[in-house]
Amino acid sequence: MVRRSREPVLWAMFSGGGMIAALLLPATVAVLWIAAPLGWVEAPSYEGLRLLFLHPIGRLSLFAVATLSFFHWAHRFRYTVYDGLQLYHLSQLIAILTYSIAVALTVIAGFVLVTTG
Amino acid sequence: MKSVAVEVLRYRPETEAEPSFDVFDVPYEDNWMILDAINHIKDQVDGTLSYRWACRMGVCGSCGMMVNGKPVLTCATYVEDVLPGPVRVEPLRGFPVVRDLVTDIQDFMVKLQRVKPWIIREEEKPLAEGEYLQTPEELEDYKQYSMCINCMLCYAACPIYELDPEFIGPAAIALAQRYNLDSRDQGREERMDVLSQHDGMWGCTFVGDCSVVCPKKVDPAGAIQRYKLDATVDWFQSVLMPWRKR
């Protein structure tokens, strides 16, 4: 039986975004902004990082992190507004607005990643 | 003797339109539970006080009430742990009040039935073939979720249930998971049809209070998130591999 609810997709992106943001972003901050400036690890060179993120796999990873994080925000914000402000009659509108913002940000992120370099 | 002020919500629909609080000064002994204090009021002070209780040992699940705003089993909460008082005792939040501390639990009973909390077999094997055997590992898979005593503290703790009474709720979903994870059960699809509706698992936003208040460490919030993962895997399979049936 095909279930018509869109929630599984939205929830998958929400939880994927939460996971990726929780794992990668603190690690990035720890390495680049704490460990490297304090000299605990050798700071990666600007040129090295630039090449890393200009590589197709680098671009794709950045795109995944950004997109999933946007959808994580959209899902969480949707329910915060929906439940928190108890706007049940506006549920469709809230969903359309929040996910549209995530889609728009995704398009911008994709554009930036494709055109940079 | 030590004593504590206990504010009990009273509601007598035949004489009053609105609930009010009665305050009782209750003498208590070491190791008294809140339920002992309420029983003292009923036995010694005011026999008209209505509430539910039975086992006094955290098994029957009938003495759940709000104590100082938190859903607890009154038989498992020490008076000494809620001192200095006054101790406010109210019926479980989110349920209609029938009288005093007695709530109408019909909604929960209906929801419980909807998730089919029993072992479903496509075909029962003949008695002569014996019982359905299970290894200790297979028992371990669902045992935690089988500890639920239907006390409804998780419903009283759940802000979603309070806001949206259609939400099927923590205990019902955890109990569905209990049967899904049972190696003898084949009813996963049927339950998924119920729980993937909008009033099912997707109503949950993982506040997590249900697991905090659960007196049996069932962790309904964990069960619901596992269920969401299962539903998501189902969805991707049905889209990417439509020929494959789970």
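Residues numbered from 1 in each chain as written. Chains lettered and ligands numbered in written order. Predicted model: local features only at pLDDT ≥ 70, side-chain atom pairs only at ≥ 80, totals over all residues. Heavy atoms only, no water.

**So, the overall build of chain A**
Part 1 of the reasoning: Regarding its fold elements, chain A presents 4 helices and 0 strands.
Part 2 of the reasoning: In chain A, the order of α-helices and β-strands from amino to carboxyl end is α-α-α-α.
Part 3 of the reasoning: Against the globule reference of 13 Å for 117 residues, chain A gives a C-alpha radius of gyration of 18 Å, more extended than a compact globule.
Part 4 of the reasoning: For chain A, the spread of C-alpha atoms along the three principal axes comes to 55 × 30 × 30 Å.
Part 5 of the reasoning: Across the 117 residues that make up chain A, the buried fraction comes to 26%.
Part 6 of the reasoning: Counting contacts in chain A only where the partners sit at least 6 residues apart, residues at least 24 apart contribute 72% of the total.
Part 7 of the reasoning: Total accessible area on chain A stands at roughly 7,800 Å², and carbon and sulfur atoms take up 76% of it.
Part 8 of the reasoning: Positive and negative side-chain charges of chain A, numbering 7 and 4 respectively, have mean locations separated by a distance of 14 Å. (Helix = DSSP H or I, 4+ residues; strand = E, 2+ residues; numbered from the N terminus. Rg over C-alpha atoms; globule rule 2.2 N^0.38 Å. Buried < 20%, exposed > 50% of the residue type's maximum accessible area, 1.4 Å probe, protein only. Contact = heavy atoms within 4.5 Å. Areas by Shrake-Rupley, 256 points an atom, 1.4 Å probe, with all protein chains shown as cover. Lys, Arg positive; Asp, Glu negative; His and termini not counted. Charge placed at Lys NZ, Arg CZ, Asp CG, Glu CD.)

**Overview of the confidence of the model for chain A**
Should pLDDT be low for a region, the predicted coordinates there are not to be read in detail.
Part 1 of the reasoning: For chain A, mean pLDDT is 89; residues scoring 70 or higher make up 97% of the total.
Part 2 of the reasoning: Mean pLDDT across the elements of chain A bottoms out in helix α2 (residues 46-54) of chain A (89) and peaks in helix α4 (residues 91-115) of chain A (94). (pLDDT = per-residue confidence, 0-100.)

**Section: the packing of aromatic side chains**
Part 1 of the reasoning: Inspection of the entire model under this criterion finds 9 aromatic pairs over all chains.
Part 2 of the reasoning: Measuring from centroid to centroid gives 6.0 Å for A:Y79 and A:Y82, while their planes differ by 85 degrees, and the two rings are edge-to-face. Here the residue A:Y79 and the residue A:Y82 both occupy positions in helix α3 (residues 56-84), the gap between them amounting to 3 residues, near one helical turn. The residues A:Y79 and A:Y82 share a single accessibility class, namely buried.
Part 3 of the reasoning: A ring pair is formed by B:F95 and B:Y155, whose centres lie 6.4 Å apart and whose planes are at 50 degrees; its orientation type is tilted. Residue B:F95 is found in the loop between β5 (87-90) and β6 (97-99), and its partner B:Y155 is found in helix α4 (residues 153-157); the two are separated by 60 residues along the sequence.
Part 4 of the reasoning: The buried category is assigned to B:Y155, whose relative accessible area is 1%.
Part 5 of the reasoning: Pairwise contacts between aromatic rings join B:F95, B:F108, B:Y155 and B:Y161 into one cluster.
Part 6 of the reasoning: Over the ring of B:F21 we find B:R88, and its NZ or CZ is 3.8 Å from the ring centre.
Part 7 of the reasoning: Positioned over the ring face of B:Y179 is B:R178, at 3.9 Å from the centre of the ring. (Phe/Tyr/Trp six-rings, centres within 6.5 Å; stacked < 30°, edge-to-face > 60°. Lys NZ or Arg CZ within 6 Å of the ring centre and 35° of its normal.)

**Comments concerning the interface of chain B and chain A**
Part 1 of the reasoning: Between chain B and chain A, the residue contacts involve 17 residues of the former and 12 residues of the latter.
Part 2 of the reasoning: On the chain B side of the interface with chain A, the three residues burying the most area are B:L163, B:W202 and B:W235, jointly 39% of the side's total.
Part 3 of the reasoning: There are 0 salt bridges connecting chain B and chain A.
Part 4 of the reasoning: Between chain B and chain A we count 0 residue pairs in polar contact (both at pLDDT 80 or more) in total.
Part 5 of the reasoning: Residue assignment for the side of chain B that touches chain A shows that the elements contributing at least two residues are α5 (159-163), α7 (188-195) and α9 (220-240) of chain B.
Part 6 of the reasoning: The biggest single contributor to the side of chain B that touches chain A is α9(B), with 8 residues.
Part 7 of the reasoning: Taken together, the residues of the side of chain B that touches chain A sort by class into 8 nonpolar, 5 polar and 4 charged. (Buried area = accessible area lost by both parts, 1.4 Å probe. Salt bridge = Lys/Arg side-chain N within 4 Å of Asp/Glu carboxyl O. Polar contact = N/O pair within 3.5 Å; in protein donor to acceptor, adjacent residues only side chain to side chain. Nonpolar A, V, L, I, M, F, W, Y, C, P; charged D, E, K, R; others polar.)

**Quick notes on the pairing of β5(B)**
All names here are of chain B.
Part 1 of the reasoning: The alternating pattern of β5 places V87 and V89 on a buried face and R88 and E90 on a face that is not buried.
Part 2 of the reasoning: As paired strands, strand β1 (residues 3-10) and β5 are joined by 3 bridges and run parallel to one another. Along β5, the bridge assignment pairs V6 with V87.
Part 3 of the reasoning: Both strand β3 (residues 64-67) and β5 contribute to a ladder of 2 bridges, which runs antiparallel. Paired with V67 across the bridge in β5 is V89. (Pairing = 2+ DSSP bridges.)

**Brief notes about the confidence of the model for chain B**
Part 1 of the reasoning: Per-residue confidence for chain B gives a mean pLDDT of 94, with 99% of residues at or over 70.
Part 2 of the reasoning: Of the two predicted TM-score estimates for the complex, the pTM is 0.87 and the ipTM is 0.75.

**Some details on the domain arrangement of chain B**
Residues and elements named next belong to chain B.
Part 1 of the reasoning: Taken domain by domain, chain B comprises domain 1 (3-103) and domain 2 (106-240).
Part 2 of the reasoning: Spacing between the C-alpha centres of domain 1 and domain 2 amounts to 30 Å.
Part 3 of the reasoning: Taken together, the contacts link 14 residues of domain 1 with 14 residues of domain 2.
Part 4 of the reasoning: A per-residue breakdown of the area domain 1 buries against domain 2 is headed by P71, R93 and F95, which together make up 47% of the total.
Part 5 of the reasoning: Joining domain 1 to domain 2, the criterion identifies 1 salt bridge.
Part 6 of the reasoning: Across the pair E162 and R93 runs a salt bridge whose closest N-O atoms are separated by 3.9 Å. (Domains from an automatic or database assignment.)

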